[in-house]
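# Chains, contacts and geometry: an overview
Here's the letter readout for the chains.
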Amino acid sequence: MSRFSILSSAVRRHYLSLGPVCVKDENIWDEMISKILVKEGIAVITSEHRKVMAAVRTSYLERERAPSVKEICELTGLTLSAFFNLYTDWAHTIFVIDGIVSTVLGIPFGSFECC
């Protein structure tokens, strides 16, 4: 699995330099998420991965926080088992995404729904 440091990643720096557009523009969001997921070790990005990431993006834009896993499953129709098969290290993946999104949108880092 290919991991990267959230503090020194060229991917992170690039999307931080774009500012809020990296979340607000759906095409740039999809590009950013694809790069992050590949770096997170997800070799094949499926429509299920994209459906989850669309729910994550909506949560950031509408609620200004990262969604809980339960909320993602409700929004996407995935079971917990199916979700964790897609994202085996969800905690790290959302940490990487949240580090970028919270910075560019000016929302608290680690603003998660826990239940």
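Residues numbered from 1 in each chain as written. Predicted model: local features only at pLDDT ≥ 70, side-chain atom pairs only at ≥ 80, totals over all residues. Heavy atoms only, no water.

Labelled according to an unreviewed UniProt entry, the chain appears under the name DsrC-like domain protein, originating from Acididesulfobacillus acetoxydans.

Looking at where T88 falls in the secondary structure, it is placed in the loop between α6 (80-86) and α7 (90-105). Relative accessible area serves as the criterion here: at 63%, T88 is assigned to the exposed category. Sequence separation between T88 and I42 is 46 residues; the distance between their C-alpha atoms is 9.1 Å. (Helix = DSSP H or I, 4+ residues; strand = E, 2+ residues; numbered from the N terminus. Buried < 20%, exposed > 50% of the residue type's maximum accessible area, 1.4 Å probe, protein only.)

Remark: the centre distance and the inter-plane angle together describe each pair of aromatic rings, the angle taken between the planes. For the structure shown, the criterion picks out four aromatic pairs. Centre to centre, the rings of F83 and Y87 are 5.5 Å apart; their planes meet at 35°, and the pair counts as tilted. According to the relative accessible area criterion, Y87 is buried, its value standing at 1%. Where Y87 meets W90, the ring centres are 5.2 Å apart and the plane angle is 75°; that geometry is what we call edge-to-face. Residue Y87 shares its accessibility class with W90, and that shared class is buried. By way of ring pairs, the aromatic residues F83, F84, Y87 and W90 are connected into one cluster. (Phe/Tyr/Trp six-rings, centres within 6.5 Å; stacked < 30°, edge-to-face > 60°.)

What follows concerns α7. Each full turn of the α-helix corresponds to 3.6 residues, which orients residues three or four apart in the same direction. The end-to-end C-alpha distance of α7, which contains 16 residues, comes to 21 Å, matching closely the 22 Å that a straight helix rising 1.5 Å per residue would cover. Of the residues making up α7, those classed as buried are W90, T93, I94, V96, I97, D98, G99, I100, V101, S102 and V104. Residues of α7 that are buried in the fold lie against α1 (10-18), α2 (21-24), α3 (26-39), α4 (47-63), α5 (69-76) and α6. Positive phi appears at G106, one or two residues downstream of α7, with a value of about 70°. (Expected span 1.5 Å × (residues − 1). Contact = heavy atoms within 4.5 Å.)

According to the stated counting rule, one finds three salt bridges in the structure shown. As a salt-bridge pair, K51 and E48 come within 3.6 Å of each other at their nearest N and O atoms. Of this pair, K51 and E48 both sit in helix α4, three residues apart, roughly one helical turn. Overall, the relative accessible area of 35% leaves K51 in the partly exposed class. Overall, E48 belongs to the partly exposed group, its relative accessible area being 27%. (Salt bridge = Lys/Arg side-chain N within 4 Å of Asp/Glu carboxyl O.)

Taking 1.5 Å of rise per residue, the 14 residues of α3 would be expected to cover 20 Å, and the 20 Å separating its terminal C-alpha atoms lies within 8% of that figure. Of all the positions in α3, only W29, M32, I33, S34, I36 and L37 are classed as buried. Here the buried face of α3 lies against α1, α2, α4 and α7. For α3, the N-terminal cap is D25; the gap from its side-chain oxygen to the backbone nitrogen of N27 is 2.9 Å. G41, located one to two residues past α3, shows a positive phi value of around 95°. (Polar contact = N/O pair within 3.5 Å; in protein donor to acceptor, adjacent residues only side chain to side chain.)

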